[in-house]
Amino acid sequence: MSEKQTVLITGGAGFIGSHLAGQLLDDGWRVIVMDNLLTGDVRNITHFANRDFLFIKHDVTEYMIVSEPVDYVLHFASPASPSDYMRYPIHTLKVGAMGTHKALGLAKYHNATFVLASTSEVYGDPEVNPQPESYWGQVNPIGPRGVYDEAKRFAEAMTMAYNRSHNLSTRIVRIFNTYGPRMRLEDGRAIPNFITQALRGEPLTIYGDGSQTRSFTYIEDTVRGILALMRSAETDPVNIGNPEELTIRQMAEAVLEITGSQSEIVEMPLPEDDPQVRCPDIHRAQTILGWSPEVSLSEGLRPTIDWFRQEVTAVDTK
Ligand code: UDP
C-alpha cells in the first residue's frame with residue numbers, strides 16, 4: 001500500500017462535502033476541509049476532530065495556501081439549493097468562478113488531481129430527457145437560476161482549460177438531486193421541505209401542479225459515484241444520479257406515506273425557470289465506473305426522515 005493520501009475538500013462542512021470527508025477518513029485518508037460556513041455547518045464535521053483531520057475556515061474565493069502536500073482537491077464549495085443561491089446570488093457566482101480558479105490553482109501548485117462538483121443544472125430546462133453528458137443544455141443566463149447554472153458551466157470550462165493548458169489531472173461530476181441526513185431544515189429543496197412539513201403536520205407545498213419531474217439519489221450512492229470517478233482516469237463529465245424519474249407530486253405522496261403524516265398537499269406558484277423534467281442518462285457512469293445507484297427511494301427516505309425528526313424536535317422543543 002502506498003503512503004497516506006491527503007485530500008482537500010472545499011465546502012467540506014456542507015451536505016455532500018462532509019459525507020465525502022467521512023468516507024475518505026474511513027478509507028484511511030488525511031482530510032482537510034476548507035469552508036466559510038455560509039451554507040455549511042460546523043456540526044457536520046465536529047465529530048471528525050480526533051481523526052486525521054484539519055478544518056480551515058476560509059472563503060475559497062480568496063487566495064489560499066496549504067503548505068503541506070495535497071494529492072486531491074475536491075471542489076464542493078457552493079450554495080446548492082435554489083433558495084440558497086437566490087439568497088446569495090453574487091456569492092454563488094463568485095465561488096463557481098473565482099473559487100474554482102483558486103481551487104484549480106491550488107491543485108496545480110500541488111500537482112494534485114482536481115475534482116469539480118458540477119451539477120445537473122448545467123442542462124437547465126432540458127429539451128432532451130433523460131440527459132446524456134453530450135447534451136449542451138438550455139439555460140437562461142439572466143434568470144434567477146442563471147447565477148448557479150452559469151457559475152457551474154464556467155467552472156466546467158475553467159476545469160477543462162486547466163486540463164488542456166496545464167495538463168492538470170481533472171474530473172467533472174454532474175451531480176443530480178441528492179438527499180439524506182445532514183440536509184438543513186431550512187435548505188428549501190423539495191425533500192427537506194416535504195419531510196419537515198409532514199413531520200410538523202403542515203401542508204406539503206407543491207410548486208406548480210407537481211407534474212414536473214426529478215430523480216433523487218441517496219447520499220451514499222452519490223458519494224460512492226463521486227469517489228469512483230475520482231479514482232478513475234476519466235476527464236470528461238460523468239452524470240451521477242438515479243435514473244428513476246418521478247413527479248414532484250409522487251415524491252410528496254411518498255413522504256406522506258412513509259412518515260404516516262395526515263398533512264394535505266397544497267399548490268403554490270411555480271418558480272421562474274423551474275425545469276420541467278430532469279433525469280440522468282447514466283450509461284457513462286455504468287460503463288466507465290461500474291457505478292449504479294443501489295438505494296431505493298423508500299430505503300433512503302427512512303434514515304433521512306429520522307434525521308429530520310431529530311432536527312425538528314431539537315428546534316421545536318427549544
Ligand atoms: N418544489 C416543490 N415544493 C417545495 C420545494 C420544491 O414543489 O417545497 C419543487 C421545485 O419547484 C422543483 C422540484 O420540487 O420543481 C425540485 O426542487 P428542488 O428545490 O428540490 O431542486 P431543483 O431540482 O429545482 O434544483
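The following refers to the structure shown.

Conventions adopted
- Residues numbered from 1 in each chain as written.
- Predicted model: local features only at pLDDT ≥ 70, side-chain atom pairs only at ≥ 80, totals over all residues.
- Heavy atoms only, no water.
- Helix = DSSP H or I, 4+ residues; strand = E, 2+ residues; numbered from the N terminus.
- Buried < 20%, exposed > 50% of the residue type's maximum accessible area, 1.4 Å probe, protein only.
- Contact = heavy atoms within 4.5 Å.
- Areas by Shrake-Rupley, 256 points an atom, 1.4 Å probe, with all protein chains shown as cover.
- Phe/Tyr/Trp six-rings, centres within 6.5 Å; stacked < 30°, edge-to-face > 60°.
- Pairing = 2+ DSSP bridges.
- Axes fitted to C-alpha atoms, helices over the stretch in contact; angles between N-to-C directions.
- Salt bridge = Lys/Arg side-chain N within 4 Å of Asp/Glu carboxyl O.

What follows covers the overall build of the protein chain. The secondary structure content of the protein chain amounts to 9 helices and 13 strands. Here the C-alpha coordinates of the protein chain stretch approximately 55 × 45 × 35 Å along the principal axes. Burial analysis of the protein chain (318 residues in total) assigns 55% to the buried set. Once local pairs closer than 6 in sequence are excluded, the contacts in the protein chain between residues at least 24 apart make up 80%. Counting only carbon and sulfur atoms, one obtains 51% of the accessible surface of the protein chain, whose full area is about 13,800 Å².

What follows concerns the packing of aromatic side chains. Between two aromatic rings, the relevant description is the distance of the centres plus the angle of the planes. By the definition in use, this model includes 6 aromatic pairs. Judged by centre distance (6.0 Å) and plane angle (20°), the rings of Tyr-123 and Tyr-135 are stacked. You can see Tyr-123 sitting in the loop between strand E5 (113-119) and helix H4 (146-166) and its partner Tyr-135 sitting in the loop between E5 and H4, a full 12 residues away along the chain. Tyr-123 sits in the buried class, given a relative accessible area of 1%. Clustering of aromatic rings is evident, with ring pairs tying together Tyr-123, Tyr-135 and Phe-176.

A few words now on the sheet that holds E5. If you trace the 7 strands from one edge of the open sheet to the other, you get E3-E2-E1-E4-E5-E6-E11, paired in parallel fashion. Both edges of this open sheet fall to strand E3 (53-57) and strand E11 (238-240), since each of them pairs with a single strand only. Averaged over all neighbouring strand pairs, the angle between strand axes comes to 20°, with direction disregarded. Examined bridge by bridge, E5 and strand E6 (residues 170-175) share 6 bridges and lie parallel to one another. Within E6, the position partnered with Val-115 by the bridge is Arg-171. The strands touched by H4 within the sheet are E5 and E6, with E5 carrying the most contacts at an inclination of about 155°. Along the sheet, helix H6 (residues 219-231) contacts strand E4 (72-75), E5, E6 and E11; its crossing angle with E6, the most-contacted strand, is approximately 160°.

Turning our attention to the pattern of salt bridges. A complete count under the given rule lists 24 salt bridges for this structure. Put simply, Arg-249 and Glu-267 hold a salt bridge, and the shortest N to O gap is 2.7 Å. Of this pair, Arg-249 sits in helix H7 (residues 248-259) while Glu-267 sits in strand E13 (residues 265-268); the two residues are 18 residues apart in sequence, bridging distant segments of the chain. Shared partners join several salt bridges into a network, and the residues in it are Glu-121, Arg-145, Arg-214, Asp-274 and Arg-278.

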